[in-house]
Number of protein chains: 2
Amino acid sequence: MGDNRPGEFELIAKYLAPLATDPGSLALTDDAAVIPSWPGQDLVLTKDMLAAGIHFFPDDPPAAIAAKAIRVNLSDLAAKGAEPKGYLLGLGLPGDWTESFLAEFCQGLKAEQDTFGISLYGGDTIRSPDGFFVSITAIGTLPEGTGVRRSGAKPGDAIFLTGTIGDAALGLKLRLKPELAGTLQLSDADRSHLENRYLLPRPRVKAAAAVRNHANAAVDLSDGLAADLGHICEASGVSARVDIEKLPISKAIFSVITKDAAELGTCIAGGDDYEILACVPAERAEQFAAELKAAGVPARQIGEIAEGEAKVDFLQGGRAIDFAAISGFKHF
Amino acid sequence: MGDNRPGEFELIAKYLAPLATDPGSLALTDDAAVIPSWPGQDLVLTKDMLAAGIHFFPDDPPAAIAAKAIRVNLSDLAAKGAEPKGYLLGLGLPGDWTESFLAEFCQGLKAEQDTFGISLYGGDTIRSPDGFFVSITAIGTLPEGTGVRRSGAKPGDAIFLTGTIGDAALGLKLRLKPELAGTLQLSDADRSHLENRYLLPRPRVKAAAAVRNHANAAVDLSDGLAADLGHICEASGVSARVDIEKLPISKAIFSVITKDAAELGTCIAGGDDYEILACVPAERAEQFAAELKAAGVPARQIGEIAEGEAKVDFLQGGRAIDFAAISGFKHF
């Protein structure tokens, strides 16, 4: 093509350097960032990559792709109890990338930085042999020794869940099978709510302080409630009981389940919720709930941790439901 | 294919968890690493990505790809004067990845970790729409305030260069045009030396302490001597004079230049050297050279920084050579 797209150095100067607001980023003029350490703080590092056609739809708005790439990483930090500081950005640009795509993508990054108070620290841009991909390494901090792991859950802990679950998984279904909106008689508002939950995760950054102050274990739900609570049980050597009737669901999901009860399985087995599940000692549950409420994060107790081999029991009306049957709901 | 390759969790447990030797990596059982800060140290962060067919040949040995991915990042850290601590690893696996490829790649990472005393901290593995790619974020530290930038060069500084230049660029040429070995009458040993310099960068990690102790500015040569010294001149607002007769070249390159003098251009304009260029105040030059020697890093002075607008003059027998003409040597 007649190529008047910016070259690597121009691209950095025009689009990326304005995002490097922290002095440690050295305005991206060097090959590395140099950042004073945060005294008394531990570092929390996480990395999530997203590729076109796998983690997002190639025709998603560029700013939404940027937002998702940032947010799935911030969600990991929040589940550890960490406050986000900044990130390194790897971009893989396919042969046919356009400057307008890049400009919108960087506007999206800028909006995320403003929302979450973070800076770009550095990164790398390469040509991608195929579609666009993003690799983010996010850096957060927390007071030393307060990091929350998956492995700390103890029998008797109350299991809390922020927000609502299932929306994103159903939103993805709707993207893949638009005709489902008719089958489920969804209102436009409900349909749009569900699709947006898939498009734009809402990392529970404001829950981080309560999590590190009180939780024995925590995880952000990316693989789905059943799988991620299963990870906690495995890492902690405990079992879990979840009361299905206490699962927090949105108005849209409630409406769906009244049409097709099998969609409850989507809430339990579907992924991409990016809500935080935290296991909190019973005696701290009230304080934990109060701190989340003060931080503006909706949350409720959905069950408790128990002794026993790693497994998750889902109870309805006091009776255990066969989880294998619930998993089966995924396939339709 | 009949797929008995490991799934994501098995892949992590079998191949990646053994590389997570630092306790802060949480043995990769969590979605993030939690690392105590290094008191009195600044953090240095860098990110370099490599994609098949762009940064390495798809049929390169997997362990060599792993080594290159680690080393180009460690080279960036060394040029800042930082000691490497660990890295986060992003892997993009194409549809036809094999377990033996992954096993050899991880053995390569293990060898690098042993050589450089670093740990895997975390990462992410995704499906790549096309070829294999690697994204590394490397983390290093240095005593606070000692980080070396590109922008600190001052008139009168001695310009030092470690090792030899041009080998990797000529090694790449030989990979692309094997018949060149005959034209240039290369011995098997020289040919193998040049190809290996391209395949396996040698980051000057042992130079880091001398660099942070003495250099006003430094850079690692990835884009080539002319370009990277040009970056220093631009960032520092100075000019540079390089004596071509002082350029450090290997026996193999010497033999090539005696056959075809135009290949000198390859040394100056070619990339992938991963040597360190450092600008050192004249009064510290002797001490700098002595510390490098004690660290086992060969280096020599090749010129000096001068006043004036950002440009690099190459001198031969005291006369300036037209750099445009030298750049022209690239195209043959």
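Structure's up top.
Residues numbered from 1 in each chain as written. Chains lettered and ligands numbered in written order. Predicted model: local features only at pLDDT ≥ 70, side-chain atom pairs only at ≥ 80, totals over all residues. Heavy atoms only, no water.

Quick word on the relation of the copies chain A and chain B
For clarity, the cut-off: Only residues with pLDDT of at least 70 in both copies count here: their C-alpha atoms drive the least-squares fit that superposes the copies. Note on contacts: a residue pair qualifies if any of its non-hydrogen atoms lie within 4.5 Å across the two residues.
Placing chain A over chain B gives an RMSD of 0.0 Å and needs a rotation angle of 180 degrees, together with 0.0 Å of translation along the axis. As the rotation angle and translation indicate, the two copies are arranged about a two-fold axis. Nearest to the rotation axis, the C-alpha of Asp130(A) is located 2.9 Å from it, this being the minimum over chain A. The overlap is high: 100% of the interface residues of chain A also sit at the interface in chain B, so the same surface is used on both sides.

A short note on the interface of chain A and chain B
Put simply, the rule reads: Defined in terms of a 1.4 Å probe, buried area is the accessible area two parts forfeit on being brought together, summed over both. The term salt bridge refers to a pairing of a side-chain nitrogen on Lys or Arg with a carboxyl oxygen on Asp or Glu at a separation within 4 Å. Only runs of H or I of at least four residues qualify as helices and only runs of E of at least two qualify as strands under DSSP, and these elements are numbered from the N terminus. Amino acid classes used here: Ala, Val, Leu, Ile, Met, Phe, Trp, Tyr, Cys and Pro are nonpolar; Asp, Glu, Lys and Arg are charged; the rest, including Gly, are polar.
Listed per partner, the contact involves 53 residues of chain A and 53 residues of chain B. Summed over both sides, the interface between chain A and chain B buries roughly 4,500 Å², with carbon and sulfur atoms accounting for 60% of that surface. Our count for the chain A to chain B interface comes out at four salt bridges. If you list the elements that add at least two residues to the side of chain A that touches chain B, you get β1 (33–36), β2 (41–51), α2 (62–80), β3 (83–93), β4 (119–127), β5 (133–143) and β7 (217–220) of chain A. In terms of residue class, the side of chain A that touches chain B is built from 28 nonpolar, 11 polar and 14 charged.

Focus: the sheet that holds β1(A)
We apply this condition: Strands pair, by our definition, only if DSSP identifies at least two bridges between them. All axes here are fitted lines through C-alpha atoms, helices being fitted over the stretch that makes contact, and every angle between N-to-C directions spans 0 to 180 degrees.
On the basis of which strands lie adjacent, the open sheet formed by five strands has the order β1(A)-β2(B)-β5(B)-β3(B)-β4(B) and mixed pairing. This sheet does not close on itself; its edge strands, each paired only once, are β1 of chain A together with β4 (119–127) of chain B. When strand polarity is set aside, the average angle formed by the axes of neighbouring strands in this sheet is 20 degrees. Across four bridges, β1(A) lies against strand β2 (residues 41–51) of chain B in antiparallel orientation.

Here's the deal with the packing of helix α4 (residues 167–176) of chain B against helix α6 (residues 188–199) of chain B
All names here are of chain B. Cut-off, in case you're wondering: Put simply, angles under 35 degrees are roughly parallel, angles over 145 are roughly antiparallel, angles from 65 to 115 are roughly perpendicular, and the rest are oblique.
Running from amino to carboxyl end, α4 crosses α6 at an angle of 105 degrees, the nearest separation of the two axes being 7 Å. Relative to α6, α4 is oriented roughly perpendicular. Contacts from Asp167, Ala168, Leu170, Gly171, Leu172, Leu174 and Arg175 in α4 reach Arg191, His193, Leu194, Glu195, Arg197, Tyr198 and Leu199 in α6. Among the residues forming the contact of α4 with α6, the class breakdown is seven nonpolar, two polar and five charged.

Quick look at the pairing of strand β7 (residues 217–220) of chain B
All names here are of chain B. Operational definition: Working definition: with a 1.4 Å probe on protein chains only, accessible area under 20% of the residue-type maximum means buried, over 50% means exposed, and in between means partly exposed.
Alternating positions in β7 separate into two faces, Ala217 and Val219 on one and Ala218 and Asp220 on the other, with burial throughout. Across four bridges, β7 lies against strand β9 (residues 276–280) in antiparallel orientation. Residue Ala217 lies in a different strand from β9, and its bridge partner there is Cys279.

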